[in-house]
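Listed here are the chains, written in short residue letters.
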Amino acid sequence: MRKKLIAGNWKMNKTPSEAKKLIAELKELVVNDSVDVCYCVPAIDIVPAVEAVKGTNVAIGAQNLYFEESGAYTGEISAAMLTDAGVKYVIMGHSERRGYFHETDADVNKKLKKALGHGLVPIMCCGESLEQRESGETFTWIRSQIKAGFDAVSAEDAAKVVVAYEPIWAIGTGKTATSAQAEEVCGDIRKFLAELYDETTADRIRILYGGSMNAGNAAELLAQPDIDGGLIGGASLKTDFGKIVNYDK
Ligand code: PGA
């Protein structure tokens, strides 16, 4: 049985002091032992955030890492830095990074392998644009992102990965995919993972939905058989996040 993961993606929001304040505000609200919870915070917030969640079930995630071990890569952050700081999860391949910062499928694959090599849990994002959906390319596109992201990753490692299906047209737009649309793609991702690996491995991989998930639509999305959690942007910065974490109550 896959444990649900409710992951907040703070994006480029909250200074270190604001991060501490938000974590304190949400502390009593995000308590639910039946799910895993994490906040993927900006790099500079990681250290205070790890300190602020001590004694709770909330883990801290990063929003990016670099795929080299260490060295002359000004501005980048390594997997070892993240683990040493107490980070558990790391996002890669988010559509904002693919779009604005030219992160390619090959980069995503290298980042995924580097993260796994350091015991970090990768949250690998994929998702189609509105044009791709309208021209019927969704499944082929998502499958190509999954294939490239998991290239040369063993079944044992693949099982540790979290995939986040985030249709680009639903991110930050208030336009959520219907639970049927989200389940259709998440189900196809699992089917494809079973083709790439095997049923057992595919059944172990957590697949999240992301894109305008909020306190009002979370329960229905999370009730879908192939949706194992959410990657939540806007609503993760508000007390609504507590309601999403407690969607089953
Ligand atoms: P949103 O963002 O919930 O604000 O749509 C989701 C994401 O980009 O991870």
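This one's a predicted model, so the numbers in the text were calculated from it and none came from an experiment.

## Focus on the site of the ligand
Taken together, the neighbourhood of the ligand is formed by 13 residues, with Lys11, His94, Glu166, Gly172 and Ser212 sitting nearest. Measuring from an oxygen atom of the ligand, one finds a side-chain N or O atom of Asn9 at 3.3 Å. At a separation of 2.7 Å, an oxygen atom of the ligand approaches a polar side-chain atom of Lys11. Contact with the protein chains covers 95% of the free accessible surface of the ligand, which is 280 Å². In terms of residue class, the shell around the ligand is built from four nonpolar, seven polar and two charged.

## Structural notes on the pattern of salt bridges
When the charged atoms of two side chains with opposite charge come close together, those side chains can pair. All told, the structure shown has 16 salt bridges when counted by the stated rule. Here Asp36 ties to Arg206 by a salt bridge, and the two come within 2.9 Å at their closest N and O atoms. Here the residue Asp36 occupies a position in strand β2 (residues 35-41), and Arg206 occupies one in strand β7 (residues 206-210), the gap between them amounting to 170 residues. Put simply, Arg2, Arg190, Asp226 and Asp228 are held in one network by salt bridges that share partners.

## Considering the packing of helix α5 (residues 105-117) against helix α7 (residues 138-149)
Running from N to C, α5 and α7 cross one another at 45°; their axes reach a closest spacing of 8 Å. As judged from the angle between their axes, α5 and α7 are oblique. Between α5 and α7 lies a crossing whose hand is right-handed. Across the interface between the two elements, Asp105, Asn109 and Leu112 from α5 touch Ser144, Gln145, Ala148 and Gly149 from α7. The residue makeup of the contact of α5 with α7, split by class, is two nonpolar, four polar and one charged.

## Brief notes about the pairing of strand β5 (residues 121-126)
Taken across its six residues, β5 has six buried, putting it largely inside the fold. A two-sided burial pattern is seen for β5, the buried positions comprising Val121, Ile123 and Cys125 on one face and Pro122, Met124 and Cys126 on the other. Judged from the four bridges that link them, β5 and strand β6 (residues 162-165) form a sheet pairing that is parallel. Looking across to β6, one finds that Ile123 is bridged to Val162.

## Some details on the sheet that holds strand β8 (residues 229-232)
The strand order β1-β2-β3-β4-β5-β6-β7-β8 describes a closed barrel built from eight strands, whose pairing is parallel. Going across the sheet, the axis of each strand differs from the next one's by a mean of 25°, ignoring polarity. In terms of strand pairing, strand β1 (residues 4-9) meets β2 through six bridges, oriented parallel. What sits directly across from Leu5, in β2, is Asp36. Sheet strands touched by α7: β5 and β6. Its angle to β5, the strand with the most contacts, is close to 150°.

## Some thoughts on the environment of Ala218
When you line up the elements, Ala218 lands in helix α11 (residues 218-222). You can call Ala218 buried: its relative accessible area is 1%. In sequence terms Ala218 and Gly230 are 12 residues apart; their C-alpha atoms lie 8.1 Å from each other.

## Examining the nonpolar core
Counting 65 residues, the largest nonpolar core has Tyr39, Ile146, Phe150 and Ile189 as the members making the most contacts within it. Here this core takes seven residues from helix α9 (residues 179-196), the largest share from any one element. The contact partners of Ile146, leaving out residues within four places of it in the chain, are Met124, Cys126, Val163, Ile189, Phe192, Leu193 and Leu196. Among the nonpolar cores identified, the runner-up in size contains 14 residues, and Cys40, Cys125, Ala164 and Leu231 belong to it.

Rules used throughout
Residues numbered from 1 in each chain as written. Predicted model: local features only at pLDDT ≥ 70, side-chain atom pairs only at ≥ 80, totals over all residues. Heavy atoms only, no water. Near = heavy atom within 4 Å. Polar contact = N/O pair within 3.5 Å; in protein donor to acceptor, adjacent residues only side chain to side chain. Areas by Shrake-Rupley, 256 points an atom, 1.4 Å probe, with all protein chains shown as cover. Nonpolar A, V, L, I, M, F, W, Y, C, P; charged D, E, K, R; others polar. Salt bridge = Lys/Arg side-chain N within 4 Å of Asp/Glu carboxyl O. Helix = DSSP H or I, 4+ residues; strand = E, 2+ residues; numbered from the N terminus. Axes fitted to C-alpha atoms, helices over the stretch in contact; angles between N-to-C directions. Parallel < 35°, antiparallel > 145°, perpendicular 65-115°, else oblique. Left-handed = near helix turned anticlockwise from the far one by under 90°. Contact = heavy atoms within 4.5 Å. Buried < 20%, exposed > 50% of the residue type's maximum accessible area, 1.4 Å probe, protein only. Pairing = 2+ DSSP bridges. Core = buried A, V, L, I, M, F, W, Y, C linked by side-chain atoms within 4.5 Å.

The values reported here are purely geometric and, on their own, carry no functional implication.
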